Amino acid sequence: MSLSEPATPSDYEEIETIKLLDSITFSDHSRSSHFADDDSPRASAINLSVKHSDFESAVSTFSEDDGEELSSSSTDLAEPSVADLKLHQEWNQVELDVNRLLSRFPPYISEERRLFLQNELTPIIVRVLWQDRSFRYYQGFHDVCLTLVLVLGPKTGYKVAKALSTKSAFHNFLTRSLEDSAMRDLSYMYVLLWKEDPGLERFMRNASVGCMFALSWILTWFSHSLREYSQVVQFFDFFLSNDPLMPVYVSAALVLSRRNEVFACEPEMPIIHHLLTRIPEDINVDEVLSAASQLILSYPPALVQGVFWDRYLEQISAPKKQSVPKINRYAVNAWFFAGAATAAVAYWILTHYSQPDIAWFA
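Computed from a predicted structure; not experimentally measured.

Draft legend 1. Inspection of the overall build of the protein chain at higher detail. Looking only at helices and strands, the protein chain features 22 helices and zero strands. Going through the 362 residues of the protein chain one by one, you find that 54% of them count as buried. Within the protein chain, residue pairs in contact and separated by at least 24 positions form 80% of the contacts whose partners lie at least 6 positions apart. Total accessible area on the protein chain stands at roughly 16400 Å², and carbon and sulfur atoms take up 50% of it.

Draft legend 2. Representation of the packing of aromatic side chains within the structure. Overall, the coordinates contain 18 aromatic pairs when judged by the stated rule. Consider the rings of Phe235 and Phe239, whose centres lie 5.9 Å apart with planes at 80 degrees: the pair is edge-to-face. Taken together, the residues Phe235 and Phe239, both in helix α14 (residues 229–240) and four residues apart, mark about one turn of the helix. Each member of the pair Phe235 and Phe239 is classed as buried. Taken together through their ring pairs, the aromatic side chains of Tyr138, Phe141, Phe170, Phe173, Phe213, Trp217, Trp221, Phe222, Phe235, Phe236, Phe238 and Phe239 make up a single cluster. Over the ring of Trp194 we find Lys195; its NZ or CZ atom is 5.3 Å from the centre of that ring.

Draft legend 3. Just helix α20 (residues 307–315), in detail. When we look at burial in α20, the residues that qualify are Phe308, Trp309 and Tyr312. Down the axis of α20, the buried side of the element spans an arc of 100 degrees, and every buried residue falls inside it. Against α11 (182–196), α12 (198–206) and α19 (301–304) lie the buried residues of α20. Just downstream of α20 lies Ser317, where phi reads positive at about 50 degrees.

Draft legend 4. The confidence of the model for the protein chain, seen in detail. Per-residue pLDDT for the protein chain averages 77, and the proportion of residues at 70 or more is 66%. Every residue in residues 28–77 scores below 50 in pLDDT, and together they form 119 contacts with partners more than four places removed in sequence or on other chains.

Draft legend 5. Up close: the packing of helix α8 (residues 111–130) against helix α9 (residues 141–167). At their nearest, the axes of α8 and α9 sit 10 Å apart, and the two run at 20 degrees to each other. One element, α8, and the other, α9, form an angle in the roughly parallel class. Here α8 runs over α9; the crossing is left-handed. Where α8 abuts α9, its residues Leu117, Glu120, Leu121, Ile124, Ile125, Arg127 and Val128 lie against Phe141, His142, Cys145, Leu146, Val149, Leu150, Pro154, Tyr158, Ala161, Lys162 and Ser165.

Draft legend 6. Representation of the pattern of salt bridges. Overall, the coordinates contain seven salt bridges when judged by the stated rule. Salt-bridge contacts for Arg104 lead to Asp143; the nearest nitrogen and oxygen are separated by 2.9 Å. Note that Arg104 is positioned in the loop between α7 (91–98) and α8 and Asp143 in helix α9, a separation of 39 residues in sequence. By relative accessible area, Arg104 is classed as buried at 8%. For Arg258, the salt bridge goes to Glu261, with nearest N and O atoms at 3.0 Å. By relative accessible area, which is 7% here, Arg258 ends up buried. Residue classification places Glu261 among the partly exposed residues on the basis of a relative accessible area of 36%.

Draft legend 7. Inspection of the packing of α7 against α8 at higher detail. Running from N to C, α7 and α8 cross one another at 140 degrees; their axes reach a closest spacing of 9 Å. Here the hand of the crossing between α7 and α8 comes out right-handed. Together, Trp91, Val94, Glu95 and Val98 of α7 and Gln118, Leu121, Thr122, Pro123, Ile125, Val126 and Leu129 of α8 make up the contact between the two elements. Taken together, the residues of the contact of α7 with α8 break down into eight nonpolar, two polar and one charged.

Draft legend 8. Region of interest: the side chain of Thr220. For Thr220, the position within the fold is in the loop between α13 (215–219) and α14. The exposure class of Thr220 is buried, given its relative accessible area of 0%. Each residue touching Thr220, except ones within four places of it in the same chain, is listed here: Gly140, Asp143, Val144 and Phe236.

Cut-offs and rules
Residues numbered from 1 in each chain as written. Predicted model: local features only at pLDDT ≥ 70, side-chain atom pairs only at ≥ 80, totals over all residues. Heavy atoms only, no water. Helix = DSSP H or I, 4+ residues; strand = E, 2+ residues; numbered from the N terminus. Buried < 20%, exposed > 50% of the residue type's maximum accessible area, 1.4 Å probe, protein only. Contact = heavy atoms within 4.5 Å. Areas by Shrake-Rupley, 256 points an atom, 1.4 Å probe, with all protein chains shown as cover. Phe/Tyr/Trp six-rings, centres within 6.5 Å; stacked < 30°, edge-to-face > 60°. Lys NZ or Arg CZ within 6 Å of the ring centre and 35° of its normal. Arc of directions from axis to C-beta. pLDDT = per-residue confidence, 0-100. Axes fitted to C-alpha atoms, helices over the stretch in contact; angles between N-to-C directions. Parallel < 35°, antiparallel > 145°, perpendicular 65-115°, else oblique. Left-handed = near helix turned anticlockwise from the far one by under 90°. Salt bridge = Lys/Arg side-chain N within 4 Å of Asp/Glu carboxyl O. Nonpolar A, V, L, I, M, F, W, Y, C, P; charged D, E, K, R; others polar.

Shown next as structure tokens:
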């Protein structure tokens with residue numbers, strides 16, 4: 001929007017989206033926002049205060065006497081109607097995935113409340129998809145939306161989900177193939193490993209580990225992989241206050257934190273894949289997020305996606321062209337839970353029979 005031109009409705013909508021994302025906080029610590037005036041990753045990382053998030057204190061919509069407020073959310077969300085939403089091509093798949101979310105709900109939520117929130121969640125997700133005909137649902141987006149609804153309630157959760165679908169990496173995930181969006185972003189994780197720990201990067205590359213083990217991490221902002229809700233909330237706070245590529249930096253920091261475990265493995269893809277897909281329950285969230293903050297200070301996204309990427313491709317000397325497996329966006333969970341043997345067989349088949357013109361390191 002130019003200062004010399006009158007503001008249009010779309011301009012006002014973008015401004016409101018930025019204001020909304022800048023105002024959201026899941027925990028009681030202050031934060032800076034990537035969507036604020038200062039877009040510098042360095043400024044965001046410097047201003048960020050990494051502290052413990054308290055999930056229970058953040059969930060202002062979970063008291064037993066707030067049912068009326070939640071129940072009114074369906075009408076507050078206005079057009080289109082639920083009847084219209086049920087005609088959307090993605091409704092059945094979204095509903096199927098939402099019905100499988102039992103394990104993602106905190107244990108203190110009553111069965112009645114859980115069923116209510118699940119019934120609210122499907123229309124919310126499809127309503128987000130409804131706003132843009134190019135949006136295509138992927139398995140894992142329901143995990144993101146569930147976290148937003150749990151913490152913020154259906155009404156605000158929907159608004160934030162809608163904003164994220166237009167102003168973050170989720171827009172790419174929803175509009176492009178996962179190979180060209182999520183997997184492409186994850187390839188930059190190897191640039192960070194190469195800069196920080198060349199030996200670890202070489203070990204993983206020689207074992208053809210690839211990026212599939214971290215796919216659920218960035219698709220769901222780790223909400224599918226972390227066991228504790230306090231950890232999930234802390235990760236969401238962190239990502240909301242940082243560069244859209246920050247989940248990749250956190251992925252690299254997490255791998256770096258487990259370097260000794262990786263080196264203890266046989267240099268075989270299935271074994272390392274199996275190890276890394278399971279995030280330890282006792283993960284030190286503060287250390288991982290602090291390490292990610294240091295990574296983005298040392299290697300800003302513009303350099304990682306530009307000159308560092310080019311140098312990395314040169315340094316690894318004629319990289320082996322491994323085809324990126326074709327990922328079924330409706331069955332991503334098949335990779336999330338793949339065991340060692342399953343991962344090995346699936347990886348071999350997909351990398352040998354997928355499109356030859358798409359590579360891990362394109």
